[in-house]
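Inside the fold
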Amino acid sequence: MVINLKMKILQVVDDFPPKITGDGLHVYYISKELAKRGHDVTVFTMSTPYRATSPSNKIDYRHQVIDNVKVYYFQSLFRISYFSFSYYMCRALLERNFDLIHVHRYFSLQSPAVTAIAKFKRKPIVFTPHSTTIREKKDLPLTLLRKIFDATLGHCLLQWPALIIALTNENVKDFLKQGVKIDKIKMIPNGIDIEKFRNLPEPSKFKERFRVKGKIVLFVGRLVKYKGVQYILHAAPKILNEHPEAKFVIVGPDYGYGVQLYEMAKQLGLRKSVIFTGLISESELLEAYAAADVFAFPSIHEGFGLVLLEAMACEKPVVTWKTSAMQYIVENGKTGFLVNPFNVDDFANSICLLLSDDKLSKKIGKEARKIVEKKFQWKSTVDMLENVYKEVVATC
């Protein structure tokens, strides 16, 4: 079969910028790079429920072009926890043709629907689950719902595509446990735009805006329980005993856990030591990275953890749990510290060590930057992805 060097590619993901999620940002960056290489790239998403009717009055969506990528924001009929669904997206897919369809996110009702339509139309399907691991393991209703999903729609999602993309070795192990054959799995790690973090602003900009005089322990991410901000708050009193001027800067939008975190900070006597910035602009985020002395990321589970790469690209030492994707990104003692999950004392000790030893902190930060430059850039990610697309189109 003769392969057209330039393909018409559809990326499907539940959430997409301006809504900030890991898989949404992943799709944005790979789509941007693919479009730069001359491919015709379209994104179908359902970032926010709303009603907007197309000129033809056939499909409810909002359309815009971002970095030469056509993005369609479809109305979702409902959203329950991780699960949402858009009839309008399904109808649009039935009416349009693409050379290849790349579906993202495992825990989604839209993903199996889109995959079924693509299979019906005999279109090549590539699937990136991002993660198939349960985050809130103590949430019994959600756990039961996911077990049902795994045995039904989830099983189809992992069997129907021509190829499954894993972001980490942990993903590979999970997929194998769920019955995916090894020759159907390809590991392609996430990346970042390294140039964006090459010339950082002066640290004083961020410190002056938030009136910070001491050292900064930075967290970046949505305020949801599994991201682990509560562990930073519980570690803070011990860190403040050694570094009373330190500030804990929590950057990110509230996704329903913010009120509990604010109250927790108050009860722990941290009101003057913790700063919740909310959602900030990209330029302000770069200022936050520049001002940080340590990047703390005690997330319970990540499909990959892009913010870790961003902090490392900024030459910041990171402290995170030895679990999930984090243990494949961070080399303990060399590019950051990996702490056994939920060991708040060790987490605090690692942060204290980095705050106390500037020489060690700078050495680890520089090594972290080198690793990102070597292994985690979008260009190399898309090089591998482009080859996968061509192989899949050729064999389907």
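A quick note: this is a predicted structure, and the numbers were derived from the prediction, not measured. (Residues numbered from 1 in each chain as written. Predicted model: local features only at pLDDT ≥ 70, side-chain atom pairs only at ≥ 80, totals over all residues. Heavy atoms only, no water.)

1. A closer look at unusual backbone geometry
Condition: Numbering of helices and strands starts at the N terminus; helices are DSSP runs of H or I of at least 4 residues and strands are runs of E of at least 2. Exposure categories follow from relative accessible area, calculated using a 1.4 Å probe and restricted to protein chains: below 20% of the type maximum is buried, above 50% is exposed, and the middle band is partly exposed.
Cis geometry marks the peptide bond from proline 17 to proline 18; its omega dihedral reads 20 degrees. Turning to its location among the elements, proline 18 is positioned in the loop between strand S1 (8-12) and helix H1 (22-36). Positive phi values are uncommon outside glycine, yet glutamate 315 reaches one of about 65 degrees. Among the secondary structure elements, glutamate 315 is positioned in the loop between helix H11 (306-313) and strand S15 (318-321). The class of glutamate 315 is partly exposed, set by a relative accessible area of 36%.

2. With respect to the pairing of strand S9 (residues 163-166)
Along any regular strand, the residues point their side chains to alternate faces of the sheet. The criterion, for reference: Two strands qualify as a pair provided DSSP detects at least 2 bridges between them. A crossover gets the label right-handed when its path from the first strand over the helix to the second runs clockwise, viewed with the strands pointing away from the viewer.
Of the two faces of S9, the one holding Leu163 and Ile165 and the one holding Ile164 and Ala166 are both buried throughout. Of the pairings in the sheet, the one linking strand S8 (residues 125-128) to S9 comprises 2 bridges and is parallel in character. Within S9, the residue paired with valine 126 across the bridge is leucine 163. In this structure, S9 lies alongside strand S10 (residues 185-187), joined through 3 bridges in parallel fashion. Each bridged residue has a counterpart across the sheet, and for isoleucine 164 the counterpart in S10 is isoleucine 185. Between S9 and its parallel partner S10, the chain crosses via helix H6 (residues 169-177), and the hand of that crossover is right-handed.

3. Considerations on empty space enclosed by the protein
Put simply, the rule reads: Put simply, the grid is 1 Å and covers the protein atoms alone, a cavity is a trapped set of points that fit a 1.4 Å probe, a pocket is an open set with protein on both sides within 12 Å along at least five of seven lines, and lining residues have an atom within 4 Å of a point. Grid points are joined across faces, edges and corners, and a volume is the space filled by probe spheres set on the points. We call Asp, Glu, Lys and Arg charged. Ala, Val, Leu, Ile, Met, Phe, Trp, Tyr, Cys and Pro are nonpolar, and the rest, Gly among them, are polar.
Under the defined criterion, the tally for this structure stands at 2 cavities of 30 Å³ or more. As a volume, the largest cavity reaches approximately 50 Å³. Looking at the largest cavity, the residues that line it are His26, Ile30, His102, Thr128, Ile165, Leu167, Ile188, Thr381 and Leu385. Those elements giving two or more residues to the lining of the largest cavity turn out to be H1 and helix H15 (378-395). Split into classes, the residues belonging to the lining of the largest cavity amount to 5 nonpolar, 4 polar and no charged. As a volume, the second largest cavity reaches approximately 40 Å³. Lining of the second largest cavity is provided by Tyr29, Gly191, Ile192, Asp193, Lys196, Phe197, Leu306, Glu310 and Trp378. Looking at the lining of the second largest cavity, its residues break down into 5 nonpolar, 1 polar and 3 charged.

4. Describing the packing of aromatic side chains
Our working definition: Aromatic rings from Phe, Tyr and Trp, taking only the six-membered ring of Trp, are treated as a pair when their centres fall within 6.5 Å; an angle between ring planes under 30 degrees marks them as stacked, one over 60 as edge-to-face, and anything in between as tilted. Working rule: Lys NZ or Arg CZ, within 6 Å of ring centre, within 35 degrees of ring normal, means a charge sits over the ring.
A full pass over the atoms with the stated rule returns 23 aromatic pairs. Measuring from centroid to centroid gives 6.1 Å for phenylalanine 44 and phenylalanine 98, while their planes differ by 90 degrees, and the two rings are edge-to-face. You can see phenylalanine 44 sitting in strand S2 (residues 40-45) and its partner phenylalanine 98 sitting in the loop between helix H2 (87-95) and strand S7 (100-104), a full 54 residues away along the chain. An angle of 85 degrees between the planes, with centres 5.3 Å apart, marks the rings of tyrosine 106 and phenylalanine 149 as edge-to-face. Placement of tyrosine 106 in the loop between S7 and helix H3 (110-120) and of phenylalanine 149 in helix H4 (residues 140-151) is noted, with a sequence separation of 43 residues between them. On the basis of relative accessible area, tyrosine 106 is assigned to the buried category, the value being 0%. Judged by relative accessible area, which is 5%, phenylalanine 149 ranks as buried. Aromatic rings pair up to connect Phe16, Tyr28, Tyr29, Tyr73 and Trp378 into one cluster. Over the ring of tyrosine 72 we find arginine 96, and its NZ or CZ is 4.6 Å from the ring centre.

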